[in-house]
Amino acid sequence: VQAIRGIDELQLALWSAVSAHWHSVLCFPSAIAGCAPRKRRRASSTYASGVRGRKEDGKRLHLSKDVCSGPRISVTKPAKVQEEEVLEVLRDLLQRPHAQFRGNQWPAFDIMLNQSYGALVVIEPTGGGKTALILLPAALAAARTTIVVTPFVALREQLMDQCHAADIACTAWTDGAAHDLGLYLHAKIVIVSAEHISHPSFHALVRKMHGAQQIERIVVDEVHLPLIAGHWRQSLSSYAELATLGVPLVLLSGTLPVTHEQRLFKGMRVDASRAHVLRSSTVRRNIKYSVVNLRHAVQEKNGTSDDWLVCYLQQYRAAFPLGKRKTMVFVSSVAAAKCLAEHVSGASAYYHDVVDGSRIVADFAALSDRVLFCTSAAEHGIHVLDVDHVIYAYSPDSLTSYLQGAGRAGRDGRPATSVLLVGDGIRAFRATSQQAINDRQVVEQYAHAVSHSQKTLCRRRFIDEYMDGNNSRQRCEERESEPPCDVCDLLANDTSDENSGAADPRQPATPPPA
């Protein structure tokens, strides 16, 4: 009785969960069998008896006699999960019977499910299937809890919708529900925001669940953000506390420069010797990358910079047929987004605290030929498949931010465009640190299409070299279904028309004001 009185609510709930598990393994009747959580649908015998059977068979108990200690219980190592079994679960999740692994998905699954690791870093391009790395392991029958850290409310809501659609038990950790333990013990995925990582009760929950072997991994989405936004969003610095919890980390990003990997390990307090890094090319094959001098491109030279932008937008979209004009325009401020949305027919504004943001995004997704003026909040929070064009009407803080926003285009695999506007009327935020100055210089080099050696570079080659350390590319490869960037267009035509609307790399555009 005294021992029971000393057990707090969390320990009691954990003891109950572990007890129920061993009752099931030993085939004892359970008094709470009627309270078991609803099981996820299973579309194939492999899903039901293959993956689950391998996991559970690998953990069956064997009784043996020991002269000194009597009956002894030993647990055998789980059987290795095979690629074909995981692929079938992926097809079940996607509801696509012929789906295949993309990029580094299978190597990542193999490490997560079959190997011992301290940290796994996966860099896949925007729209490259990173969400499957969260959902699929949680869909396996023998899966324990995965904790997912998301930096944005929009990402949290989207992930919860995806979990519900896949019939995966999911909940969001909040301070107010910190002691409603049933929500977490039976969830396959627990989502926590960056602001809650430092909460003492969250740490206590993770440590005790980990001690009871209830947690398999912690996944951190958009892990590059502390490197580019940590100076203004202090809560991102708490990511480093995750390494102290003793749980394997899976760090996901679509835009982490290869030169920033060591900064990431240091900031996250990750032992690089125990970290696996899987990197795919950041560049998107179906996007045409261009840089345009706004002042040179517009026909009407009078008016304000906003007038020029509206004029350019009309000119640009008119060059594409109806049904191919869905456009996101990134602007420097909430005020600019609101103002421009009022002056363009069929346009809306999106920003971090916009009222009814989900409806705005849904309307943008549902209707063709719409325009969405948005701030940098949309770089990570909007996943609309059929965006045809992304236009940056301000100078982004880093190439990482630009590529994150550019990745909103063409997520359905169709040809799309991404335009960076430069020159008069294009605003840039003032750099407040040496790292910010360095990041801004990279953006200017990209805009001028030159390397450190002042050699003219294809846009894709610049991205490959800076983001992935790949020096093998020479130019866009049309045989690989890559639409040529503006630089490759100009070099192929061997012309220099400053009034065409495309930036000439041999006549660099005026750098944006600091």
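Residues numbered from 1 in each chain as written. Predicted model: local features only at pLDDT ≥ 70, side-chain atom pairs only at ≥ 80, totals over all residues. Heavy atoms only, no water.

Visitor: Hey, could you go over the pattern of salt bridges for me, with residue numbers and the actual values?
Guide: Under the definition given, this model contains 17 salt bridges. Taking the shortest distance from any N to any O, the salt bridge between Asp 388 and Arg 414 comes out at 3.1 Å. On the criterion of sequence distance, the pair formed by Asp 388 in the loop between helix 16 (378-381) and strand 14 (389-392) and Arg 414 in the loop between helix 17 (399-406) and strand 16 (416-422) is long-range, its members being 26 residues apart. Ionic contacts of the salt-bridge type, sharing partners, join the residues Arg 285, Arg 460, Asp 464, Arg 473 and Glu 482 into one network. (Salt bridge = Lys/Arg side-chain N within 4 Å of Asp/Glu carboxyl O. Helix = DSSP H or I, 4+ residues; strand = E, 2+ residues; numbered from the N terminus.)

Visitor: Please give an account of empty space enclosed by the protein that cites residues and values.
Guide: As enumerated under the stated definition, the model contains two cavities of 30 Å³ or more in all. Computed from the structure, the largest cavity encloses a volume of approximately 50 Å³. The wall of the largest cavity is formed by Pro 125, Thr 126, Gly 254, Thr 255, Thr 282, Arg 284, Ile 287, Tyr 289, Leu 403, Ala 406 and Gly 407. Of all the secondary-structure elements, those providing two or more residues to the lining of the largest cavity are strand 10 (287-293) and helix 17. Here the residues of the lining of the largest cavity sort into five nonpolar, five polar and one charged. (1 Å grid on protein atoms, 1.4 Å probe; cavity = no way out; pocket = protein on both sides within 12 Å on 5 of 7 lines; lining within 4 Å. Points joined across faces, edges and corners; volume = space filled by probe spheres on them. Nonpolar A, V, L, I, M, F, W, Y, C, P; charged D, E, K, R; others polar.)

Visitor: Kindly report on the side chain of Glu 261, identifying the contributing residues and their values.
Guide: Inspection of the secondary structure puts Glu 261 in helix 11 (residues 261-268). With a relative accessible area of 14%, Glu 261 lands in the buried category. Of the polar contacts made by the side chain of Glu 261, one reaches the side chain of Arg 279; its length is 3.0 Å. The residues contacting Glu 261, other than those within four sequence positions of it, are Leu 256, Val 277 and Arg 279. (Buried < 20%, exposed > 50% of the residue type's maximum accessible area, 1.4 Å probe, protein only. Polar contact = N/O pair within 3.5 Å; in protein donor to acceptor, adjacent residues only side chain to side chain. Contact = heavy atoms within 4.5 Å.)

Visitor: An account of the nonpolar core is requested, with residue identities and associated values reported.
Guide: Grouped together as the largest cluster of nonpolar side chains are 72 residues, with contacts concentrated most on Tyr 312, Met 328, Phe 373 and Leu 421. No other element matches helix 13 (residues 305-318), which puts seven residues into this core. Apart from the residues within four sequence positions on either side, Tyr 312 is in contact with Val 292, Leu 294, Ala 297, Val 298, Ile 391, Val 419 and Leu 421. (Core = buried A, V, L, I, M, F, W, Y, C linked by side-chain atoms within 4.5 Å.)

Visitor: Talk me through the sheet that holds strand 11 (residues 327-330); I want residue IDs and the actual numbers.
Guide: Backbone-to-backbone hydrogen bonds join strands into a sheet, with any given pair of strands oriented parallel or antiparallel. Spatially, six strands are ordered 10-16-14-11-13-12 in an open sheet, and the strand pairing comes out parallel. Pairing within the sheet leaves two strands with one partner each, and these edge strands are strand 10 and strand 12 (347-350). Across this sheet, the average inter-strand angle for adjacent strands is 20°, counted without regard to direction. Where strand 12 meets strand 13 (residues 371-374), four bridges bridge the pair, whose relative direction is parallel. (Pairing = 2+ DSSP bridges. Axes fitted to C-alpha atoms, helices over the stretch in contact; angles between N-to-C directions.)

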